[in-house]
Amino acid sequence: MIRVLSVASECAPLIKTGGLADVVGALPHALTFEGVKMTTLLPGYPAVLSAVAWGDVVAEEDDLFGGPAQVQRARAAGLDLLILRAPHLYERDGAIYLNAVGKDWSDNPERFAALSWMAARLAAEGLVEVDVLHCHDWQAGLAPLYLREMGGTGRIGTVLTIHNIAFQGLAPASRLDALHLPQWAFSQSGAEYWGQISALKTGLVFADKITTVSPTYAHELTMPEFGMGLEGVIRERAGDLSGILNGIDTDAWDPARDPAINSYDAPAGKAANKTALRAEFGLPDKDGPLAIVISRLSDQKGLDLLIEALPGFLALGGQLALLGSGDPALETTFTALAGREPNVAVHIGYDEALSHRMMAGADVILVPSRFEPCGLTQLYGLRYGTLPLVALTGGLADTVISANDAALKAGVATGWQFSPITAPALAGALGRMVTLYADPAIWKKMQANAMAHPVGWAGSAPQYGALYRSVIPAT
Ligand code: ADP
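Residues numbered from 1 in each chain as written. Predicted model: local features only at pLDDT ≥ 70, side-chain atom pairs only at ≥ 80, totals over all residues. Heavy atoms only, no water.

> How would you summarise the packing of aromatic side chains if you had to cite specific residues and measurements?
A complete count under the given rule lists 11 aromatic pairs for this structure. Ring centres of Tyr-45 and Tyr-90 lie 5.9 Å apart, and the angle between their planes is 75°; on these two criteria the pair is classed as edge-to-face. Separated by 45 residues along the polypeptide, Tyr-45 in the loop between strand E2 (36–43) and helix H2 (46–49) and Tyr-90 in helix H3 (residues 87–90) bring together distant segments of the chain. Accessibility assignment for this pair places Tyr-45 and Tyr-90 in one class, buried. Between Phe-112 and Trp-138 the ring centres are 5.4 Å apart and the planes differ by 80°, which places this aromatic pair in the edge-to-face class. (Phe/Tyr/Trp six-rings, centres within 6.5 Å; stacked < 30°, edge-to-face > 60°. Helix = DSSP H or I, 4+ residues; strand = E, 2+ residues; numbered from the N terminus. Buried < 20%, exposed > 50% of the residue type's maximum accessible area, 1.4 Å probe, protein only.)

As structure tokens, this is what we get:
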């Protein structure tokens, strides 16, 4: 049995801003059959404190980055948790990374350094039994260095997973002491990034192994177009880097048993959901494909390209329903579009149940991301027979079989990919999609292919198991 301490700033279903939470919440279940016992260390945000059943206190601190703290065991949603209770860091109104006016909390470096520091202490001092520390994103990036400073290296292996390299956890060099970081590590070959402290880079340098969430993103990260300044560091560690595709929770996302929808186990069952979805969004009943977007509204997601390509799609008879929130400018533009286009409807906000109803009722899910480490919504789409139309990048490249001539002849297509990632290329793919929508035989075959495509953890769980075994130091 390998004992893994997974360290993360979010974990579904307790606290979520994106795909990171889904994956952190799914891994413990997915890895049970790989001989892995995973415990997840999470910050004690108010939403977490109110949702768990409490167990023992395993560690206490009089002064953890400015206030008292303790780590307490807990259970929720079938997960074994360790909650870092530090009111001065985590118990506040607002979002988990952002304050009431939408800016990063100014003490985010300390808040997540504290999480990383505590993870290292729990492991190094044997306060919980740990063979491997699995650190997720910059918020856990300092843990491998802290572990080394505490003398835990050589007994405990470390893995860092990059869920999105756009977030790097930068802090001014003046906070080196405040973050309990050793001076020796503040160099170009260590924690320093252009004169600042980078938590993500620190993890990239000091973790035994690095993973990211798809094979294509692993390759892309070595290139300047995608590495966001860290491509050189990643290239140096190429021998220790692998891409392991995310899976989805196939119980929570199962069209045959989903309580949020009119359940179905064959594509024909989508019709009732489509009617309901159009009614819910106030879209007219007519021929033509209904496309959806479920997304954070940010530059990464390429939705400005969709705004450009949309008139052509609408002229071909398409409809669009969008659920999302984020960038105020994008929120305003989409809301205005919905105001003047009868075949466009928009729901600004975050709504898990609505996302299930949309997935069940739509014909196509659009994911035109400029970069996408893995992407989960195209996987939900496959499972629900909602064909993904995606940019050819990252995990979108690894999970969708594009309906080109060869794939159609071989009868294996599950969606569409477009490249380069531009509005005209997206418009072209939307046009090809509408053409195939007019051919029910091909469309049904593609839906059947999509619904049969493996999107769970069966393929990836053994890869994590093997990775953990590879970093456990020989004793
Ligand atoms: P990212 O992590 O970059 O946001 P992913 O596709 O990996 O993108 O994961 C996004 C997750 O968040 C998915 O589970 C998706 O369904 C969900 N999601 C995003 N926006 C919303 C929303 N507005 N309402 C409900 N769920 C959303």
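On we go.
> Residue-level account of the environment of Pro-259, with values.
Examined against the element boundaries, Pro-259 turns out to sit in the loop between strand E12 (241–243) and helix H10 (270–281). Given the relative accessible area of 80%, Pro-259 is considered exposed. Along the backbone, Pro-259 and Cys-11 are 248 residues apart, and their C-alpha atoms lie at a distance of 22 Å.

> Give a description of the pairing of strand E7 (residues 157–162) that names residues and reports values.
The buried count for E7 comes to six of six residues, which makes it a mostly enclosed element. Taking every second residue as pointing to the same face, both faces of E7 are buried, with Gly-157, Val-159 and Thr-161 on one and Thr-158, Leu-160 and Ile-162 on the other. Examined bridge by bridge, strand E6 (residues 132–136) and E7 share five bridges and lie parallel to one another. Looking at E7, one finds that Leu-133 is bridged to Thr-158. Relative to strand E11 (residues 209–212), E7 is paired through four bridges, and the arrangement is parallel. Bridge assignment links Leu-160 to a residue of E11, and that residue is Ile-210. (Pairing = 2+ DSSP bridges.)

> Tell me what's going on with helix H6 (residues 199–206), and back it up with residues and numbers.
Taking burial as the measure, the eight residues of H6 include seven buried ones, the bulk of the element. What H6 keeps buried is the set Ala-199, Leu-200, Lys-201, Thr-202, Gly-203, Leu-204 and Phe-206. As for H6, its buried residues are in contact with helix H5 (143–149), E7, strand E9 (192–193), strand E10 (196–198), E11 and helix H9 (231–236). (Contact = heavy atoms within 4.5 Å.)

> Explain the side chain of Thr-414 residue by residue, including any values.
Residue position: Thr-414 is located in the loop between helix H16 (405–410) and strand E18 (416–418). Given the relative accessible area of 1%, Thr-414 is considered buried. For Thr-414, the contacting residues outside a window of four places in its chain are Leu-382, Leu-387, Pro-388, Val-400, Ile-401, Met-446, Asn-449 and Ala-450.

> Give me the lowdown on the sheet that holds E10, citing residues and values where you can.
A sheet is described by the order of its strands in space; here three strands give the open sequence E8-E10-E9, paired in antiparallel fashion. If you trace the sheet from one side to the other, it starts and ends with strand E8 (170–172) and E9, each paired once. Sheet contacts for H6: E9 and E10; angle to E10, the most-contacted strand, approximately 60°. (Axes fitted to C-alpha atoms, helices over the stretch in contact; angles between N-to-C directions.)

> Can you tell me about the sheet that holds strand E5 (residues 79–85), naming the residues and giving the values?
Adjacent strands of a sheet pair through backbone hydrogen bonds, lying either parallel or antiparallel. Spatially, E3-E4-E5-E2-E1-E6-E7-E11-E12 is the arrangement adopted by the nine strands of the open sheet, whose pairing is mixed. Bordering the open sheet on either side are strand E3 (53–61) and E12, each of which pairs with just one other strand. The average undirected angle you get between the axes of adjacent strands in this sheet is 25°. Sitting on the sheet, H6 touches E7 and E11, and the angle it makes with E7 is about 135°.

> An account of the environment of Leu-64 is requested, with residue identities and associated values reported.
Inspection of the secondary structure puts Leu-64 in the loop between E3 and strand E4 (69–76). Owing to a relative accessible area of 1%, Leu-64 belongs among the buried residues under this scheme. Leave out the neighbours within four places in its chain, and Leu-64 touches Ala-69, Leu-84, His-88, Leu-89, Ala-114 and Trp-117.

> Any details on the site of the ligand? Residues and values, ideally.
Around the ligand sit 17 residues in total, of which Gly-19, Asp-22, Arg-296, Lys-301 and Gly-349 are the nearest. Measuring from an oxygen atom of the ligand, one finds a side-chain N or O atom of Asp-22 at 2.9 Å. The separation between a nitrogen atom of the ligand and a polar main-chain atom of Asp-351 is 3.0 Å. A total of 570 Å² of accessible area belongs to the ligand in isolation, and the protein chains cover 93% of it. When residues of the shell around the ligand are traced back to their parent elements, those giving at least two are helix H1 (19–30), strand E13 (290–297), strand E14 (319–326) and helix H14 (377–383). Of all the elements, E13 adds the most residues to the shell around the ligand, at three residues. (Near = heavy atom within 4 Å. Polar contact = N/O pair within 3.5 Å; in protein donor to acceptor, adjacent residues only side chain to side chain. Areas by Shrake-Rupley, 256 points an atom, 1.4 Å probe, with all protein chains shown as cover.)

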